[in-house]
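Commentary on secondary and tertiary structure
The chain contents come next:
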Amino acid sequence: MEYVYAALILNETGEEINEDNVTGVLEAAGVDVEESRVKALVAALEDVDIEEAIETAAAAPAAGASAGGSADAEAADEADDDDDDDDEAEAADEADDDDEEEGDGGEGLGELFG
């Protein structure tokens, strides 16, 4: 991730994203730089408009959340429901066991929110 962050820093400051600049940022941050990863990053970002990519990434979660589900997603959810029921039952049993062992001492996040 630090390699991508280095590229973002260079983009934000208006510097060219090249091997020397990326390496300089990483070394300044105390990262052990792997030249092959730097070369791969610079090559991958060669034809990318970073500003456009950031705008697209920032808009994607909002658009995805309001888009609703598709028929394929609903079918996949129905198939997973059977497995989820078993998993939820096991998780509830484990939680009950944990509560019995610890007792109800008034501690935990549940007490913070009522």
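Keep in mind that what you see is a predicted model, and the values were worked out from it rather than measured. (Residues numbered from 1 in each chain as written. Predicted model: local features only at pLDDT ≥ 70, side-chain atom pairs only at ≥ 80, totals over all residues. Heavy atoms only, no water.)

Re the overall build of the chain
Within the chain, the regular secondary structure consists of 6 helices and 0 strands. When the helices and strands of the chain are placed in sequence order, the string is α-α-α-α-α-α. When the 114 residues of the chain are sorted by exposure, 9% land in the buried category. Pairs at least 24 residues apart make up 44% of the contacts formed inside the chain by residues separated by at least 6 positions. (Helix = DSSP H or I, 4+ residues; strand = E, 2+ residues; numbered from the N terminus. Buried < 20%, exposed > 50% of the residue type's maximum accessible area, 1.4 Å probe, protein only. Contact = heavy atoms within 4.5 Å.)

Remarks on a nonpolar patch on the surface
On the surface, M1, V4, Y5, L8 and I54 cluster together to form a nonpolar patch covering roughly 460 Å² of accessible area. Its location among the elements puts I54 in helix α4 (residues 50-66). (Patch = residues over 30% accessible without salt bridge, like charges linked within 9 Å, V, L, I, M, F, W, Y side chains within 5 Å. Areas by Shrake-Rupley, 256 points an atom, 1.4 Å probe, with all protein chains shown as cover. Salt bridge = Lys/Arg side-chain N within 4 Å of Asp/Glu carboxyl O.)

Some thoughts on the nonpolar core
If you look at the biggest cluster of nonpolar residues, it comprises 9 residues: Y3, A6, A7, L10, V22, L26, V38, L41 and V42. Where this core is concerned, the elements lending two or more residues are α1 (2-13), α2 (19-28) and α3 (35-44). When residues in this core are grouped by element, the largest group, 4 residues, is from α1. When near neighbours in sequence (up to four residues on either side) are disregarded, L26 contacts E2, Y3, A6, V31, V33 and V38. (Core = buried A, V, L, I, M, F, W, Y, C linked by side-chain atoms within 4.5 Å.)

Brief notes about the confidence of the model for the chain
Overall, the predicted model of the chain reaches an average pLDDT of 75, with 53% of residues at or above 70. Of all secondary-structure elements in the chain, the lowest mean pLDDT belongs to helix α5 (residues 71-102), at 53, while α2 reaches the highest, 96. (pLDDT = per-residue confidence, 0-100.)

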